Amino acid sequence: MSRAMIRCPESGRMIYTGVNLEWDEVAASRFVGEQLACPRCGATHAWNENDIELDEDGCGD
Ligand SMILES: [Zn+2]
């Protein structure tokens, strides 16, 4: 499984959503009302499936 990441709009860094998915699952998924307390900037970011990028090779954090 790959880690589903979103980009923090404040810091521009990728942050882990706590969800593990593959791309076919991202395409089939709908995330509604998801919010993430951001470890980068301290704000809470709303996100959905359109925001997801997968960390497949372990780069970035
Ligand atoms: Zn943030």
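Criteria and cut-off values
- Residues numbered from 1 in each chain as written.
- Predicted model: local features only at pLDDT ≥ 70, side-chain atom pairs only at ≥ 80, totals over all residues.
- Heavy atoms only, no water.
- Helix = DSSP H or I, 4+ residues; strand = E, 2+ residues; numbered from the N terminus.
- Rg over C-alpha atoms; globule rule 2.2 N^0.38 Å.
- Contact = heavy atoms within 4.5 Å.
- Areas by Shrake-Rupley, 256 points an atom, 1.4 Å probe, with all protein chains shown as cover.
- Salt bridge = Lys/Arg side-chain N within 4 Å of Asp/Glu carboxyl O.
- Pairing = 2+ DSSP bridges.
- Axes fitted to C-alpha atoms, helices over the stretch in contact; angles between N-to-C directions.
- Donors = N, O, S within 2.8 Å, 3.2 Å for Na, K, Ca; no water.
- Tetrahedral: all angles 85-135°; square planar, octahedral: opposite > 155°, others 65-115°.

Colleague: Hey, could you run me through the overall build of the chain in this one?
Modeller: Scanning the chain for helices and strands turns up one helix and five strands. In the chain, the succession of α and β elements from N to C terminus is β-β-α-β-β-β. Since a compact globule built from 61 residues should have a radius of gyration of about 10 Å, the 11 Å found for the chain is in line with a globular shape. By its C-alpha atoms, the chain is 30 × 25 × 15 Å across when sized along the principal axes. Sequence separation of at least 24 residues holds for 48% of the intrachain contacts in the chain that already meet a minimum separation of 6. For the chain, the computed accessible surface area is about 3900 Å², with 44% contributed by carbon and sulfur atoms.

Colleague: What is the right way to read the pattern of salt bridges from this model?
Modeller: Side-chain pairs of opposite charge can arise whenever the charged atoms involved come near each other. Tallied over the full model, the rule gives two salt bridges. A salt bridge links D55 to R3; its shortest N-O distance comes to 2.8 Å. With D55 in strand β5 (residues 53-55) and R3 in strand β1 (residues 2-7), the pair connects residues that are 52 residues apart, well separated along the chain.

Colleague: Just to check I follow, could you spell out the sheet that holds β1 for this structure?
Modeller: In any sheet, the strands associate via hydrogen bonds between backbone groups, in a parallel or an antiparallel arrangement. Spatially, the three strands line up as an open sheet ordered β2-β1-β5, and their pairing is antiparallel. Across the chains shown, the open sheet's two edge strands, defined by having one partner strand only, are β2 (14-21) and β5. Within the sheet, the average angular offset between the axes of one strand and its neighbour, ignoring direction, is 40°. With five bridges connecting them, β1 and β2 associate as antiparallel partners.

Colleague: Can you walk me through the pairing of β1 in this structure?
Modeller: Residues in a regular strand point their side chains to alternate faces of the sheet. In this antiparallel pair of consecutive strands, β1 and β2, the connection spans six residues, and G12 shows a positive phi of 75°. Across three bridges, the pairing between β1 and β5 is antiparallel. Pairing of R3 across the sheet is with D55, part of β5.

Colleague: When you look at the coordination of the zinc ion in this model, what are you seeing that I'm missing?
Modeller: Six octahedral donors at a metal ideally form angles of 90 or 180 degrees, and four tetrahedral donors ideally form angles of 109.5 degrees. Taken together, the protein ligands of the zinc ion are C8 (SG), C38 (SG), C41 (SG) and H45 (NE2), with distances of 2.0 to 2.3 Å. Classification of the site at the zinc ion as tetrahedral follows from its four donor atoms and the range of 105 to 113° in their angles at the metal.

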